[in-house]
Structure formats: structure tokens, C-alpha cells
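Observations on chain architecture
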Amino acid sequence: MKVRVLVSLVALALTATAAGAQVDTQRCPPGTTNGFGVPDQARASQDACQKAIDLFKYMAPQLGTSITGGNATLGQGGSLGGLGHFSVGLRVNAVQGSLPQVQNVTPSVTGATSTKFDTKTQIIPMPTADLSIGIFKGLPLAITNVGGIDLLVSAAYLPEFNSSGVSVKVPNGSLKLGYGARVGILQESLLVPGISVSYLRRDLPTVNIAANANNDSLYVNNLSLKTNAFRLVASKSLLLFGFAAGIGQDKYESSADIRAHVSARTVPPVPASNAGPISLSQTITRTNVFADLSMNLLILKLTGEIGQVSGGTINTYNTFSGKQAADSRVYGSVGARFGF
């Protein structure tokens, strides 16, 4: 997996406050022109400002889905069975995303202009590690147990990077831990499927990004992306293979401070201009459905997952070819885990 792909996506993956399909004049002022038709600084940077906001709004749900995936523990439906039981796994979530071709668009210096961005289908990957620890076996009921409790821990790692005009700094460290819990409705047994509900919070490490293209610059500081995932999952193992399916709700919360620098233009003649700093934030809630297929190899389990997220409303002033910001997205996951 190439680090550059992940870095490029993170650089675009900030969101803005929800607004209608119009210019956010509070953050991107319209400005005026002088008697010779030359825009002032506000008008010269307004289009770059608005395009930055819309690009961030477009990419945020895709990155949020790449962090959350589907099942809290791939292939697992019920609780683990109490103290002494655990599961450790590695996985890669991958969203069938769309990457706006920003290099094909030059911001206008005469005010905000609605542009249709071409998009390119792009797989958006996110590697994570998962740990599940049995805490309480649950209460016995016939051939199963009910009310078992597991502790859930996850980890995401994002390295610092500096290449091809993009600099990524991780001021608070590259590793970010997530946490949660799973409550077993039924513990899986020979005749009974495993059923559980879970909550898991996964965050992206805080990131500072500087990007330069065609003498224009974009700075994203204190980029933060927090996700909350609620799941209802059922699973059943049949000797060599296992099956799981679930439904849940994801909540993505993003925030950051951005600045933009627009270089001087000769047509029309305008000096260099700046926008920001601008503080942005957004929250979106989506429905998540998924299914897992596992191969059981003694203590090792190999799992593949397919899922889809949908729901929420995101309005942008600029538009995008193909899928829009809040359209449904398909994702997949592959991973391996072992436990006892």
C-alpha cells in the first residue's frame, strides 16, 4: 500500500459546516472591484476559499467510512466468552471512493464560480489493528449465555510525510487508539448463533498539512476526524466456514483550521491574496449494512467483508461528476485474526 495515496486522501478529507448550495459568504467574502475592474483581495481569493470548503465536504464521508468499516471484529457476532478469551486481528478497510481531479481546475480571481469537478474512481484504504478482550461470560440460559461483555480496542497509524509538494505532520503522534465495548445477546454455540450489539469509537491522528500546486498553497491545521459506530451483528460458524451479517449507524465528526494562498495573476491583473484562517466542522450520520465470510483455520480466522453506507445530507456550491458528497458508498475489508 502506498503511503502517498493515503496522504493525498487525508489532505482532502476535511469537512465544513452544513450549508445550502450557495457561496458561504461568512467565510468567503465576495469583495469588490475598483474602477478599472480589478478585484480586491477578498474577491480574488473567494473562489479558492469556496472550492476548498466543498472539496473537504465531498471527501469527509469517504475517509470516515474507511476508518469505521463494518463489523467491530471481522467475522465475530456474539461475545467471546468471558475472562481468558481474546481476539487480535489486522485488517484493511477499502472504500470505493471518488477523488476530485483538483489539478484540472484553476480558481477564479473574479469571485466564486460554480465548477463541476471531474472525479476519478479511487480505492481509499485504511489499515487498522483490533483487540477484543472477554470481560464477563454472561448468564447461562439453556445452551447459550446472555449478557456477555467484551472490551474493544482499535489502533490506526499515520506516518509523517514530505514529498511532491505535500507535507504531512502529526504533532501529537502517529498512533491513535480507539475504544468500545460489545454486549452479547446470545453467545454462539453448536446450535445457537452469536448475536451482539457494540459501540466503537475510532479517530484519525491529528494532522497538519501543507500542499503546493501551481504557486498556490493550502494549509490544513489541527485536522481531526472522529467516528462513532453502533452495530447489531449475528454470526454462525459451520466447521470450515463462518458467516456474519450486521446493520448499524455511523457518525462522523470532523474539524480543522484552513488557510489558502492564491498567487498573483496577470489576467486580470491582481496581486497575491490570502484566505483564512477559517475554522470548519461538520457532523454526518449514515446507515451501515455489511456481511462477512470467514475461513476457520484452527486459531486463525481469515475474513472478507462487503458493506455499504448511505444517508445524510451534504450540499455544495460546486458540483462533482458521478457520485455526490452524500451518495451511498460500497466498501470492503480483508483481515486475519487469532484468539482463544
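Note that this is a predicted model, so its numbers are computed, not measured. (Residues numbered from 1 in each chain as written. Predicted model: local features only at pLDDT ≥ 70, side-chain atom pairs only at ≥ 80, totals over all residues. Heavy atoms only, no water.)

Moving on: the overall build of the chain. Regarding its fold elements, the chain presents 2 helices and 18 strands. Burial analysis of the chain (340 residues in total) assigns 50% to the buried set. When contacts within the chain are restricted to residue pairs at least 6 apart in sequence, long-range pairs at least 24 apart make up 72% of them. Entry remark: accessible area of the chain is about 15,000 Å², with carbon and sulfur atoms responsible for 62%. (Helix = DSSP H or I, 4+ residues; strand = E, 2+ residues; numbered from the N terminus. Buried < 20%, exposed > 50% of the residue type's maximum accessible area, 1.4 Å probe, protein only. Contact = heavy atoms within 4.5 Å. Areas by Shrake-Rupley, 256 points an atom, 1.4 Å probe, with all protein chains shown as cover.)

Counting residues in hydrophobic clusters, the biggest one holds 23 residues, and the most contacted among them are Leu204, Val220, Leu223 and Ile258. At the level of secondary structure, the elements contributing two or more residues to this core comprise α2 (41-68), β10 (194-213), β11 (216-238), β12 (241-262) and β15 (273-297). The dominant element in this core, judged by the number of residues it contributes, is α2, at 6 residues. Val233, Phe290, Ile314 and Phe320 belong to the second largest nonpolar core, which has 19 residues in total. (Core = buried A, V, L, I, M, F, W, Y, C linked by side-chain atoms within 4.5 Å.)

Now for the confidence of the model for the chain. Looking at the chain, the pLDDT average stands at 85 and 89% of residues meet or exceed 70. Mean pLDDT values over the elements of the chain span from 46, in helix α1 (residues 3-12), up to 97, in strand β16 (residues 300-310). (pLDDT = per-residue confidence, 0-100.)

Evaluated as defined, the whole model comprises 8 salt bridges. Residue Lys226 is joined to Asp203 by a salt bridge in which the shortest nitrogen-to-oxygen separation is 3.9 Å. Of this pair, Lys226 sits in strand β11 while Asp203 sits in strand β10, and the two are 23 residues apart along the sequence. One network of salt bridges, in which partners are shared, links Arg201, Asp203 and Lys226. (Salt bridge = Lys/Arg side-chain N within 4 Å of Asp/Glu carboxyl O.)

Below, the discussion takes up the pairing of strand β18 (residues 329-339). Strand direction decides the pairing type here: strand β1 (residues 86-100) and β18, joined by 9 bridges, are antiparallel. Bridge pairing in β18 places Asn93 opposite Ser333. With 10 bridges joining them, β16 and β18 adopt antiparallel strand pairing. Looking at β18, one finds that Gly304 is bridged to Val334. (Pairing = 2+ DSSP bridges.)

Right, let's talk about the side chain of Asn93 for a bit. Turning to its location among the elements, Asn93 is positioned in strand β1. Take Asn93: its relative accessible area is 1%, and that puts it in the buried class. A distance of 3.2 Å separates the side chain of Asn93 from the backbone oxygen of Ser66, its partner in a polar contact. Here Asn93 is in contact with Ser66, Ile67, Thr68, Gly69, Ile124, Pro125, Met126, Thr128, Gly332 and Ser333, once residues within four sequence places are set aside. (Polar contact = N/O pair within 3.5 Å; in protein donor to acceptor, adjacent residues only side chain to side chain.)

Taken as a whole and assessed by the stated rule, the structure comprises 1 disulfide. Here Cys28 pairs with Cys49 through a disulfide, and the sulfurs are 2.0 Å apart. Handedness of the Cys28-Cys49 disulfide follows from its S-S torsion of about -70 degrees: it is left-handed. Here Cys49 lies in helix α2 and Cys28 lies in the loop between α1 and α2, a separation of 21 residues in the sequence. Here Cys28 matches Cys49 in class, with each residue buried. (Disulfide = S-S within 2.5 Å.)

Bringing the environment of Gly84 into the picture now. Checked against the element boundaries, Gly84 lands in the loop between α2 and β1. Remark: the alpha-carbon pair of Gly84 and Phe136, spanning 52 residues in sequence, is separated by 9.8 Å.

What follows concerns the packing of aromatic side chains. For the coordinates displayed, the defined rule picks out 4 aromatic pairs. Ring plane angle 15 degrees and centroid distance 4.0 Å describe the contact between Tyr58 and Phe320, whose orientation is recorded as stacked. With Tyr58 in helix α2 and Phe320 in strand β17 (residues 319-320), this residue pair connects regions lying 262 residues apart in the sequence. Look at Tyr58 and you get buried, because its relative accessible area is 0%. Overall, Phe320 belongs to the buried group, its relative accessible area being 2%. (Phe/Tyr/Trp six-rings, centres within 6.5 Å; stacked < 30°, edge-to-face > 60°.)

Let's shift gears to the pairing of strand β6 (residues 149-157). Bridge count for strand β3 (residues 119-136) against β6 is 8 bridges, and the pairing is antiparallel. Looking across to β6, one finds that Phe136 is bridged to Ile149. Across 9 bridges, the pairing between β6 and strand β9 (residues 175-186) is antiparallel. Each residue of the ladder has a partner; that of Asp150, found in β9, is Arg182.

Its identity as a non-glycine residue notwithstanding, Ala142 has a phi of 55 degrees, on the positive side. Here Ala142 shows up in the loop between β4 (139-141) and β5 (144-146).

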